Amino acid sequence: MLASEIPQNDRLLELMDHRDDASVTIAIASSPMPADHERIRIGLRNAIDDAERHLTQKDVSRNVIEQVVAPLRALNDDDDFWRHQSRSLVILAAPELLEAFRIANVVEENVAVGDRFDIGALLRASAFAHRAFVVELTQGRARLLEFGPDHDPREHPLDLPDDHQLMLEHTTTGGRFDRQRADGTTGDRIERQRYAAAVQDEVVKVVPNDVPLILAASTDLQPAYREVNTHPFLLDAEIDGHPDSVDDPARAAKVRKILDEHYAAELDAWRERFGTLRAQGLATSKFDEVAVAAATAAVDTLHFDMDATEEGRIDEFGGVERAESPGPDTYALVDEIAARVLRSGGSVRAVCNADLLDGSPVAATLRFPLPSE
């Protein structure tokens with residue numbers, strides 16, 4: 001079995017809703033470095049032993065325990081599984097179910113056994129941006145590169161027509177970088193658009209709609225690509241310089257700078273909008289109010305503290321019961337709120353506490369005002 005990337009929202013919700021008394025969640029630190037894997041495998045073996053002890057203490061039948069533990073041990077012994085790892089590993093196991101996810105976040109190591117999975121680490125990973133794609137476009141080459149926090153740029157092959165380069169046979173610049181051609185005929189513009197469209201049609205098959213796409217194109221092809229683009233998250237900022245003149249380290253630095261600036265501007269805009277909506281009764285950072293809003297499908301967008309760990313329970317009406325210490329019947333309160341927002345079609349974003357408001361671990365904009373007490 002190979003570890004999967006972060007699950008999409010529909011699968012994440014299915015895992016949130018899973019119920020079985022023999023549900024096991026294992027979260028451990030991992031590493032992309034093969035030299036670290038033997039140490040991590042020992043740690044996973046110990047975590048599996050720990051899970052088996054918890055299952056035994058819950059008075060789960062031996063047959064059910066074997067259904068859960070045997071696949072976990074087989075996974076740990078699977079050399080193919082260890083070929084590609086990230087910074088952390090989250091494994092979910094139950095009778096007839098085993099899924100493993102490699103994530104870039106550094107997780108708090110944990111073994112949980114209960115009637116549901118502890119999907120907090122997956123939720124935070126899915127709600128926090130870690131990657132972007134760069135489409136490079138020149139008259140001689142088209143590439144799609146994926147940038148993540150724990151791996152070098154990864155190229156995704158594009159299934160382009162064999163004759164796609166011939167689309168530009170009348171618009172060549174003779175290989176001179178970054179030299180703007182004089183305005184050509186309408187035919188030249190159409191040829192550049194055809195070339196760009198062939199590339200972008202393949203790009204949108206690979207890049208998810210909620211992952212940023214950054215353009216790195218030669219001067220003559222940049223406007224053509226933007227004219228035909230259909231990806232909803234193509235950023236305005238671009239990687240400057242001719243793509244063939246930028247090496248990998250410089251390209252990675254430019255990508256990170258673009259993303260940092262984009263998310264900073266996005267947070268500034270969100271804070272301004274939050275303030276406006278709060279004055280209208282359509283936003284709140286009060287924890288108990290956000291919990292009620294999530295229970296009544298009133299939350300449109302939720303920003304939450306990625307490091308919040310307070311546990312307890314939230315009833316069907318949003319009433320919060322905080323726990324003095326974690327237990328088998330408690331869960332992370334912020335995670336439960338985020339899960340309810342996702343179920344009702346809202347959007348969630350994990351951020352640093354410093355990016356939130358009023359010292360609260362949550363802040364929500366609302367679809368409609370909450371009823372007055």
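Here goes a summary of the coordinates provided. (Residues numbered from 1 in each chain as written. Predicted model: local features only at pLDDT ≥ 70, side-chain atom pairs only at ≥ 80, totals over all residues. Heavy atoms only, no water.)

### Observations concerning the sheet that holds strand 15 (residues 347–351)
Working step 1: The four strands lie next to each other as 10-16-11-15, forming an open sheet whose pairing is mixed. What marks the edges here is a single partner per strand, and that holds for strand 10 (283–284) and strand 15.
Working step 2: In this structure, strand 10 lies alongside strand 16 (residues 362–366), joined through two bridges in antiparallel fashion. For Thr-284, the partnering residue across the bridge sits in strand 16 and is Ala-364.
Working step 3: Contacts from helix 7 (residues 248–279) reach strand 10, strand 11 (299–305), strand 15 and strand 16, with the element oriented near 65 degrees to strand 16.
Working step 4: Where helix 9 (residues 333–343) meets the sheet, its contacts fall on strand 11, strand 15 and strand 16, and the angle it forms with strand 11 comes to roughly 155 degrees. (Pairing = 2+ DSSP bridges. Helix = DSSP H or I, 4+ residues; strand = E, 2+ residues; numbered from the N terminus. Contact = heavy atoms within 4.5 Å. Axes fitted to C-alpha atoms, helices over the stretch in contact; angles between N-to-C directions.)

### Let's talk about the packing of aromatic side chains
Working step 1: Inspection of the entire model under this criterion finds two aromatic pairs.
Working step 2: Judged by centre distance (5.1 Å) and plane angle (85 degrees), the ring pair of Phe-81 and Trp-82 falls under edge-to-face. Side by side, Phe-81 and Trp-82 carry an identical accessibility label, which is buried.
Working step 3: The interplanar angle of 50 degrees and the centroid separation of 5.6 Å between the aromatic rings of Trp-270 and Phe-274 together place this pair among those described as tilted. Of this pair, Trp-270 and Phe-274 both sit in helix 7, four residues apart, which is roughly one turn of the helix. Like Phe-274, Trp-270 is buried. (Phe/Tyr/Trp six-rings, centres within 6.5 Å; stacked < 30°, edge-to-face > 60°. Buried < 20%, exposed > 50% of the residue type's maximum accessible area, 1.4 Å probe, protein only.)

### Examining the sheet that holds strand 12 (residues 311–314)
Paired through their backbone hydrogen bonds, the strands of a sheet run either parallel or antiparallel.
Working step 1: What the three strands build is an open sheet, ordered 13-12-14; its pairing is antiparallel. Among the strands making up the open sheet, the edge pair consists of strand 13 (320–322) and strand 14 (331–332).
Working step 2: Contacts from helix 9 reach strand 12, strand 13 and strand 14 within the one sheet, and its direction differs from that of strand 12 by about 35 degrees.

### Focus on the pattern of salt bridges
Working step 1: Counted under the stated rule, the structure contains 33 salt bridges.
Working step 2: Arg-271 is the salt-bridge partner of Asp-355, the closest N and O atoms lying 3.3 Å from each other. Here Arg-271 lies in helix 7 and Asp-355 lies in the loop between strand 15 and strand 16, a separation of 84 residues in the sequence.
Working step 3: For Asp-358, the salt bridge goes to Arg-278, with nearest N and O atoms at 2.8 Å. (Salt bridge = Lys/Arg side-chain N within 4 Å of Asp/Glu carboxyl O.)

So, to be careful, I would describe these as geometric facts and stop short of saying anything about function.
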